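# Survey of secondary and tertiary structure
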Amino acid sequence: MLFRTATLVSVLMVLALLAGVILSLIYGAWPALRTFGLSFITREKWNPVTEIFGAAGPLYGTLVTSVIALLIAVPLSFGIAVFLTETCPRWLRGPISGGIELLASIPSIVYGIWGLFVMAPILQHSVQPWLIDHLGPLPLIGPLFRGPPFGIGLLTAGVVLAIMVLPFISSVMREVFRMAPTSLKEAAYGLGATQWNVVWQVVLPWSRAGVIGGIMLGLGRALGETMAVTFVIGNAHRINLSLLAPATTISAAIANEFSEAVGDLYTSALFYLGLLLFVLTFGVIALARLLLLRLERAGAGRV
Amino acid sequence: MITVLQRRRVMNFVAFAASGVATAIGLAVLVAILWTLLSRGLGALSLDVFRQSTPAPGSSGGLANAIFGSVLMTLIGILIGAPIGLLSGTYLAEYGRGSRLATVVRFINDVLLSAPSIIIGLFVYTLLVVRMGRFSAIAGAVSLALIAMPVMVRSTEDMLNLVPRSLREGSAAMGAQPWRTILRIVFPAARSGLLTGLLLSVARISGETAPLLFTALNNQFWSGDLTRPMANLPVVIFQFAMSPYDDWQKLAWVGAVLITLFVLLLSILARAIASMFGQHSQTGE
């Protein structure tokens, strides 16, 4: 009885943690909520001196870096998942999937220092000049690739984030691909389908919900990732159309400015940013979990 | 003239070649990161790193105070977070199986598992730092505990679910109370799985930086006082890497190597134990 009560109390503590997080964010953000209201979300200005704050800059940076990360990480993760479930010889499967999963255990601060000192110079000297020369003059997408190659900025942050979410997305994809019923695959082979046909036209449609869930899980991580982004984003609170320009994200702004914030309103504005981030990631992750849960009920095992 | 059959064959080849390339890119990045760390960090690694405290710019020093702080806060974090996580996971797998409360908690725990750690930092800041009036090591340890907890809940539940039902039924048939069955039969059967979960939670929090920025902050000097700011490796790496000083940047690389090697070692160890456990549970029934 005592033991049972102890486990029950612990479970309630998990609930209390979530409630505490929500309450503390609202409590901390209250002065800024009262002063700026919802216009906070659309205002670009971020001026600690005049105490006018707006979240548009960090919000834009958060969304853009996450989209870049997904654009790079989703095709790569799909390739890795297909390779590991279909082509890879059995004896190589363990080491390769282990190696990819080790990417997930490297601390984010290490990605940050690596991104700043190794990745940013490479992008600055070889990739970005090429993008400026070849994509900059194009209509429509041209403005995304104009301006000087800073090295740090939205694009670099997106690339680092892509590497960080890659192992999460690919491991979910691998799990759900494995769940696809063998009978379905065999039926397709019986009709003369190639191995690629089976993957693309049978396995992928069957595991659609799980794949989307995995991508959303990656998105949730990308939105909230802090240290790696803080190193390479450049901390500039304005919206610049160019992906090569320095910017900031919600988490990077909090990490950079929180311990230096003077004045209640400044601190409170950072809490407001945190609240926005929480709502954003909570929505995305909750949706991802619901999708995966649905698939899990259809198949077996937890992803 | 290319036939449909040839086109399908070419498509098949191209697609699988591309998937191989994707895998190669993923592994290449891992190798590149490890290579950079080893080549930049190992060179500057010396005994002084473990003996001296973090230096002022321009003078020589080490990371001793930061290593001590990291170890201490991770230890306290695990001592708080792991038992709560273990008990919650036990509730989800044993008492609460299928109950509505368990479903809700499982869902919330999964969300907490992927929630941004910086938000946990803001929570502990409001909870402890504002109340105490200053940054402190204990606040840092609590924020690490809150991050370790969901990891432990999830792995405990998964591991206990691997233990065959028949063992529990056998114990119940002998007249054992549920708590006795769990403590004497289920936990020992899931021993190595639980250990894996513990190692993974240590790995998860030992490199955690964001929440420490507003809780433990940093300290230039050696400090064992839990109610005051304490140096720790991640924040020192952050501060030193962003600084313009050459010797500070070198120490940042050394710190990065130490943390990465520690975390990778833990992950590999956890994986090895888990795969041994997996074989046992297959042959055990």
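As a reminder, the structure under discussion sits directly above these lines.
Please read all numbers here as calculations on a predicted model, not as lab measurements.

The subject of this paragraph is the overall build of chain B. Regarding its fold elements, chain B presents 12 helices and zero strands. Secondary structure elements of chain B, listed N to C terminal, follow the sequence α-α-α-α-α-α-α-α-α-α-α-α. Sorting the 285 residues of chain B into buried and exposed places 53% on the buried side. Nonlocal contacts in chain B, meaning residues at least 24 apart in sequence, comprise 74% of its contacts between residues at least 6 apart. With the model as given, the accessible surface of chain B reaches about 12800 Å², and the carbon-plus-sulfur share is 67%. Averaging the coordinates of the 20 positive side-chain charges in chain B and doing the same for the 11 negative ones gives two points 6 Å apart.

Attention shifts here to the overall build of chain A. Scanning chain A for helices and strands turns up 12 helices and two strands. Counting from the amino terminus, chain A carries its helices and strands in the arrangement α-α-β-β-α-α-α-α-α-α-α-α-α-α. Taken over the C-alpha atoms alone, chain A extends approximately 70 × 70 × 30 Å along its principal axes. Residues classed as buried in chain A amount to 58% of the 303 residues present. Carbon and sulfur atoms provide 68% of the accessible area of chain A, an area that totals close to 12500 Å².

With that settled, consider the packing of aromatic side chains. Per the stated rule, a full pass over the model turns up 23 aromatic pairs over all chains. Considering the side-chain rings of A:Phe40 and A:Tyr272, the 4.1 Å spacing of their centres and the 10° angle between planes classify their relative orientation as stacked. Of this pair, A:Phe40 sits in helix α2 (residues 39-42) while A:Tyr272 sits in helix α12 (residues 264-298), and the two are 232 residues apart along the sequence. Neither A:Phe40 nor A:Tyr272 differs from the other in exposure class; each is buried. For the pair A:Phe258 and B:Tyr125, a centre-to-centre distance of 4.7 Å together with 85° between the ring planes defines the contact as edge-to-face. In this pair, A:Phe258 sits in the loop between α11 (250-257) and α12 while B:Tyr125 sits in helix α5 (residues 117-132), so the two residues belong to two different chains.

Attention shifts here to the environment of A:Met227. Tracing the backbone through its elements, the reader meets A:Met227 in helix α10 (residues 227-232). C-alpha separation for the pair A:Met227 and A:Ile41, spaced 186 residues apart in sequence, amounts to 23 Å. Those residues in contact with A:Met227 that lie beyond four places of it in its chain are A:Ser108, A:Ile109, A:Gly112, B:Thr209, B:Ala210, B:Leu213 and B:Phe238.

Across the contact, 76 residues belong to chain A and 78 residues belong to chain B. The interface formed by chain A and chain B contains one salt bridge. The interface formed by chain A and chain B contains seven residue pairs in polar contact (both at pLDDT 80 or more). If one sorts the elements of the side of chain A that touches chain B by residue count, helix α1 (residues 2-36) of chain A sits on top with 17 residues. Per-class residue counts for the side of chain A that touches chain B are 50 nonpolar, 20 polar and six charged.

Residues and elements named next belong to chain B. Counting buried positions over the nine residues of helix α11 (residues 233-241) gives eight, a clear majority of the element. If you check which residues of α11 are buried, you get Leu233, Pro234, Val235, Val236, Ile237, Phe238, Phe240 and Ala241. Residue asparagine 232 occupies the N-cap position of α11, its side-chain oxygen lying 3.2 Å from the main-chain nitrogen of valine 235.

Time to look at a nonpolar patch on the surface. A surface patch of nonpolar side chains, about 260 Å² in accessible area, is lined by A:Ile22, A:Ile26 and A:Trp30. Tracing the sequence through the fold places A:Ile26 in helix α1.

It is worth spelling out unusual backbone geometry at this point. The backbone phi angle of A:Glu51 is positive, close to 60°, even though this residue is not glycine. Mapped onto the secondary structure, A:Glu51 falls in the loop between β1 (46-47) and β2 (52-53). Classification of A:Glu51 by relative accessible area gives partly exposed; the value is 33%. Despite not being glycine, B:Leu217 shows a phi value in the positive range, around 55°. Note that B:Leu217 resides in the loop between α10 (210-213) and α11.

We now examine the packing of helix α5 (residues 108-134) of chain A against helix α6 (residues 154-179) of chain A. To describe two helices that pack against each other, one gives the angle between their axes and the distance between the axes. Residue and element names in this part refer to chain A. Taken N-terminus to C-terminus, the directions of α5 and α6 make an angle of 130°; their axes are 9 Å apart at the nearest point. The angle between the axes of α5 and α6 places the two elements in the oblique class. Note that α5 runs across α6; the crossing there is right-handed. Residue-level contacts link Ser108, Tyr111, Trp114, Gly115, Met119, Ala120, Leu123, Gln128 and Leu131 of α5 to Leu155, Thr156, Val159, Val160, Ile163 and Met164 of α6. Across the contact of α5 with α6, the residue classes tally to 11 nonpolar, four polar and no charged.

Moving on to the pattern of salt bridges. Residue and element names in this part refer to chain A. The full count for this structure, using the stated rule, is 11 salt bridges over all chains. The salt bridge involving arginine 174 is made with glutamate 101; its shortest N-O contact spans 3.6 Å. One end of the pair, arginine 174, is in helix α6; the other, glutamate 101, is in helix α4 (residues 90-105), and 73 residues separate them in sequence. Residue classification places arginine 174 among the buried residues on the basis of a relative accessible area of 10%.

With that out of the way, let us pick up the environment of A:Gln128. All names here are of chain A. Mapping glutamine 128 onto the fold places it in helix α5. Sequence separation of glutamine 128 and leucine 243 is 115 residues, and the distance between their C-alpha atoms is 9.9 Å. Not counting residues within four places of it along the chain, the set of residues in contact with glutamine 128 comprises Leu123, Pro149, Phe150, Gly151, Leu155, Thr156 and Leu244.

A word on the nonpolar core. Residues and elements named next belong to chain A. Phe40 and Phe177 are the most contacted members of the largest nonpolar core, which totals 195 residues. Per-element accounting of this core gives the leading share, 17 residues, to α6. Beyond its immediate chain neighbours, meaning those up to four positions away, phenylalanine 177 contacts Phe78, Ala81, Val82, Thr85, Val203, Leu204, Ser207 and Val211.

A word on the side chain of A:Glu86. On the secondary structure map, A:Glu86 appears in helix α3 (residues 56-87). Within polar-contact distance, the side chain of A:Glu86 engages the side chain of A:Gln195 at 3.1 Å. Aside from chain neighbours lying at most four places away, what touches A:Glu86 is A:Lys185, A:Tyr189, A:Gln195, A:Val199 and B:Phe16.

What counts, and at which threshold
Residues numbered from 1 in each chain as written. Chains lettered and ligands numbered in written order. Predicted model: local features only at pLDDT ≥ 70, side-chain atom pairs only at ≥ 80, totals over all residues. Heavy atoms only, no water. Helix = DSSP H or I, 4+ residues; strand = E, 2+ residues; numbered from the N terminus. Buried < 20%, exposed > 50% of the residue type's maximum accessible area, 1.4 Å probe, protein only. Contact = heavy atoms within 4.5 Å. Areas by Shrake-Rupley, 256 points an atom, 1.4 Å probe, with all protein chains shown as cover. Lys, Arg positive; Asp, Glu negative; His and termini not counted. Charge placed at Lys NZ, Arg CZ, Asp CG, Glu CD. Phe/Tyr/Trp six-rings, centres within 6.5 Å; stacked < 30°, edge-to-face > 60°. Salt bridge = Lys/Arg side-chain N within 4 Å of Asp/Glu carboxyl O. Polar contact = N/O pair within 3.5 Å; in protein donor to acceptor, adjacent residues only side chain to side chain. Nonpolar A, V, L, I, M, F, W, Y, C, P; charged D, E, K, R; others polar. Patch = residues over 30% accessible without salt bridge, like charges linked within 9 Å, V, L, I, M, F, W, Y side chains within 5 Å. Axes fitted to C-alpha atoms, helices over the stretch in contact; angles between N-to-C directions. Parallel < 35°, antiparallel > 145°, perpendicular 65-115°, else oblique. Left-handed = near helix turned anticlockwise from the far one by under 90°. Core = buried A, V, L, I, M, F, W, Y, C linked by side-chain atoms within 4.5 Å.

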